[in-house]
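The residues making up each chain are set out below.
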Amino acid sequence: MTELLKISLPDGSVREMPPGSTPGDVAAAIGPGLAKAALAARVDGEVRDLDRPFECDSELALITAKDEDEALELARHDFAHVLAEAVQALYPGTQITFGPATDDGFYYDVMAPPSREPFGMDDLPAIEEKMREIIKADKLLKREVWTRQQLIEKWESEGESFKAEWAKELPEDEELTVYWSGDDWLDMCRGPHLPSTGRLDPQAFKLMRVAGAYWRGDQKNAQLTRIYGTGWLNKKQLNAHLHRLGEAAKRDHRKLGREMDLFHLQEEAHGSVFWHPKGYRIWRELEAYMRRRMDGGGYREIKTPQVMDARQWEQSGHWGKYRENMFVIPDEVPNTEDEGPVISGEADWMALKPMNCPAHVLVFKQGITSYRDLPIRLGEMGCCHRNEPHGALHGLMRVRQFTQDDAHIFCTEEQVVEEVEKFCELADSVYKHFGFTYEIKLATRPEQRFGSDADWDKAEQELRDAVAAAGMANDEYGWEELPGEGAFYAPKLEWHLTDAIGRTWQVGTIQSDRVLPERLDATYVGEDGGRHRPVMLHRAIFGSYERFIGILIEHFAGRLPVWLAPVQAVVATIVSDADVYAKDVARRLKTAGIRVESDLRNEKINYKVREHSLAKVPHLLVVGKREAEEGTVAMRTLGEKEQRVLPLDEAIAVLTEAGTPPDISTDAG
RNA sequence: GCUGCUGUAGCUCAGUGGUAGAGCGCGUCAUUGGUAAUGACGAGGCCGAGAGUUCAAUUCUCUCCAGCAGCACCA
C-alpha cells in the first residue's frame, strides 16, 4: 500500500491524494465548477501546470481567472505560443525563436522563410484568424521532459537554427521541457501553460504591430520580425485596453504641443526644440519655481561654458566613452574664401558640453576650499548637447539639445548621507507639487566602471543609508535595487514618477561619485591641514526641462495647473457693446499679475467657449451687457459645466489664488 | 545606428503616368449673439530633396533627408 500525499489548501484543510495525482485532480475532487475554472496551480509557491503530478506533500493554491495577475501572465504566454504556431502553420519554413508575455500582451520573434519578405502589418489579419482557429480547436497543451540532445536534434532536423543555438546553451543536467499543442506542434518552454488552447478567449487578443528586433537583443546579430499582440482574459478587458491606448494617444505631447501652440520641431534642427511663446512661458514658470526651491535648499547658481577643449573631456573620461555622441568642433576660423568653409584638419578639437559636471568641478577648484566651506552646492540650468542616435529621438522626450536642472554637491565623506537625505526630501516636495507619486530605485555598479570596489561599496551603502534615513526605503516608495544599472562612475538613486494614466517616467537622480573628483583632482583642506578628496553628488529633479514639460503635458492631458498655464484667463465678449468693459477687465487682471488675453472678435459666444476650451485655457471670463453694467464677470472654469457670476474684485482674488505656485501658496503646505 | 512604414495646403488626410482635391484653420463681407462650431465668398501647393526610366513623373525605380513604430543606445 502506497502512502497518500498530503495536499494543504489555502483554507487550511488537507486532502490526501494518491501518488501521481495532479492539481487538476484536486480541483476535480473539490468540485466540477472549480475543475472548470482552474487555469493552473501554485504548488509550494511555484506556478505549475494543472496536470503536472505532485512530487511530495505540497501546499496547493489553484489559480483561476480571479487571480488576475497570474491568469493574465498565463494567457499571454499561451497567446504567444499560439501566435508562433499560427505563423508556422501559415508560412512553413518560418523560424521561431522566443516569445514572452509583456505588460499588456505578448510578442514572438520570428524569421520569415527566405522565400518571402519579412512579415508586415498586412499579414496580421490572416495570422489572427489562424490563431482563432487554433484556440477553437482546443488543443491540449501537454508538458514533456526532454534531454538537451533530443532538443538539439529536433531543432536541427527542422532547420530551426535559432532554437538549436539556444538549446545548445541550455544546461545538460537540468530537466528541459517542451509543450505540445495537440500532437502536431511543440515549442521549447519552461512553462507553465493553461490546460488547453480553448481556455483562451478568441476575442480577447489583437495583433498590434510588427517591428524589428535583434536575435538575443544584440545589434550584431540577425534582425528578426517581432510580432506584437495585446492579450487579455476577455473581450471587455481588451476593449478597455484599446480605449486606454486611445486616451494615451490623445494626450500625446507632440499632438498637444502643436494644438496648444507650445513648440515645434523641424528638420533643420532635428532633435532640438523651437519653443513658442506659450510653451516657453511654461518653461519660465518651471524655471522660476526650481530657482526658488534651489535657493531655498542652499544651492548657488552658476553658468558655465557651452564649449570646452577636448582635453577636458579626455581627462573626465567622457571622451573615451561617449565621443561618438558628442558634437565636436574644430578650434579654428574656417577659410571662407573658397566656395564653402574649409577646415584644415589641424586644429584642436573642442566639444559642446554633453553634461555640466566637469565644468562644475573647475568652478569648485578655483581658489582653496576649506572643510569649513563644505558642503558646496553648485546649481546650473545647464544647456547640454548630445548627438543621440537618430532613431532614439522622440518629441520632447529624447532630444539632442536639452537643459537640465543640474547641480553638484561637493562634500566630505561624513556629509554624504545627510546631503542625499535632504535631496530625497526636496525631490519629494517637488514631485508632490505636480501631483506625481513615485518610486525610488538604487542602480548599482555596472560591469564596466571606473573606481575601486571599496569605493563602490561605500557609495552604494551611503545611498541606501540616506534613503533609509529619509524613511523611504520601503514598499510605499517602491524601494528596490537595480543591479548593474548604475553609471560608469557612480551608483545612482532614480526617481520613477507615475503619471495620471499609470505610466512611469524616470526623471530625478542623485549619484554619489568619487571618480570624477579624483580624475579632475578636486581637493579641499581638512581639519588636519591636509588635502582631501570631496565626494561629488550629481543630482537633478526635473531631469531636463524639455522632457519634464513633455511629461507634464501628458500627465495633465494639456490641462496644466493654473500656475503653469501659459494663458490663465481669457476675457470673451458676447456683444461689441461690452468691448470697453472687457478691455478694462483684462487690464485689471494683468495688473494683478494674471496672464490674460481678451477675445473681442465678432464671433458667437458658443464659438469662443468652444475654442478656448479646446485650447485648455483654465478660466474663461464672459462679459456681455449685463456684466458691463453690473461690474461683474461670468467665470467658467475648464472642466466645469456651470459658470458663476462674480464681482470683478472677487474674480481677481479667485484667479490670483488659483494661479499661485504651490511653493508660495499658503494652503498647499 | 538597425528593421519596417510614412512624407501632398498651416493642421488632418483623399487622389492621379498628362503638374492636384476635401474638412478644419486663415482672409473678406454679412450677422451683435448669453456658455463647446452663424452663413456666403475668397486666398493658399516646386505633391520632402536629388538622380534615373519615360514623349511626359507628385505618381514607377534608386539614393539621401526627416518623421512614425519597435529594437539597440541613453554619461
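Our subject in this report is the structure included herewith.

Okay, helix α5 (residues 148-157) next. What α5 keeps buried is the set Arg148, Leu151, Ile152, Lys154 and Trp155. Down the axis of α5, the buried side of the element spans an arc of 165 degrees, and every buried residue falls inside it. Immediately beyond the C-terminal end of α5, within one or two residues, lies Gly159, with a positive phi of roughly 75 degrees.

With respect to topology, 5 strands assemble into an open sheet ordered β2-β1-β5-β3-β4, the strand pairing being mixed. What marks the edges here is a single partner per strand, and that holds for β2 (14-17) and β4 (46-48). Along the sheet, successive strands turn relative to each other by an average axial angle of 35 degrees, direction set aside. Here strand β3 (residues 40-43) runs beside β4; their pairing, made up of 3 bridges, is antiparallel. Counterpart to Val43 in the pairing with β4 is Glu46.

To continue, consider the protein's contact with RNA strand B. Taken together, 51 residues form the shell around RNA strand B, and within it Gln223, Ile574, Asn602, Arg610 and Glu627 come nearest. The sugar-phosphate backbone supplies 48% of the atoms of RNA strand B found within 4 Å of the protein. Residue Gly212 places a main-chain N or O atom 3.2 Å away from a sugar or linking oxygen belonging to RNA strand B. Contacts to RNA strand B include His390, whose side-chain N or O atom sits 3.1 Å from a phosphate oxygen. Counting residues per element, the ones that place at least two in the surface near RNA strand B are β11 (205-214), β12 (223-231), α8 (253-259), α11 (318-322), α18 (605-614), α19 (625-630) and β31 (632-637).

The next subject is unusual backbone geometry. Cis geometry marks the peptide bond from Gly191 to Pro192, where omega comes out at -5 degrees. Relative to the elements of secondary structure, Pro192 occurs in the loop between β10 (185-188) and β11. Residue Pro375 is bonded to the preceding Leu374 through a cis peptide linkage, with omega at 0 degrees. Summarising the element assignment, Pro375 is placed in the loop between α12 (357-365) and β19 (376-385). Located in the positive-phi region is Arg216, a residue other than glycine, with phi close to 60 degrees. With respect to the helices and strands, Arg216 occurs in the loop between β11 and β12.

Next up on the list: the side chain of His241. Within the secondary structure layout, His241 lies in helix α7 (residues 235-250). Assessed through its relative accessible area of 6%, His241 is described here as buried. With sequence-adjacent residues up to four places away left out, His241 is seen in contact with Asp104, Thr230 and Trp232.

Here we come to the nonpolar core. Judged by nonpolar contacts, the single largest core of 60 residues is most densely connected at Leu286, Tyr431, Phe434, Leu493 and Trp495. In terms of residues, this core owes the most to one element, helix α13 (residues 416-433), which gives 8 residues. Within the second largest apolar cluster, 36 residues are counted, among which are Ala86, Phe106, Ile127 and Ile135.

The rules we used
- Residues numbered from 1 in each chain as written.
- Chains lettered and ligands numbered in written order.
- Predicted model: local features only at pLDDT ≥ 70, side-chain atom pairs only at ≥ 80, totals over all residues.
- Heavy atoms only, no water.
- Buried < 20%, exposed > 50% of the residue type's maximum accessible area, 1.4 Å probe, protein only.
- Helix = DSSP H or I, 4+ residues; strand = E, 2+ residues; numbered from the N terminus.
- Arc of directions from axis to C-beta.
- Pairing = 2+ DSSP bridges.
- Axes fitted to C-alpha atoms, helices over the stretch in contact; angles between N-to-C directions.
- Near = heavy atom within 4 Å.
- Polar contact = N/O pair within 3.5 Å; in protein donor to acceptor, adjacent residues only side chain to side chain.
- Contact = heavy atoms within 4.5 Å.
- Core = buried A, V, L, I, M, F, W, Y, C linked by side-chain atoms within 4.5 Å.

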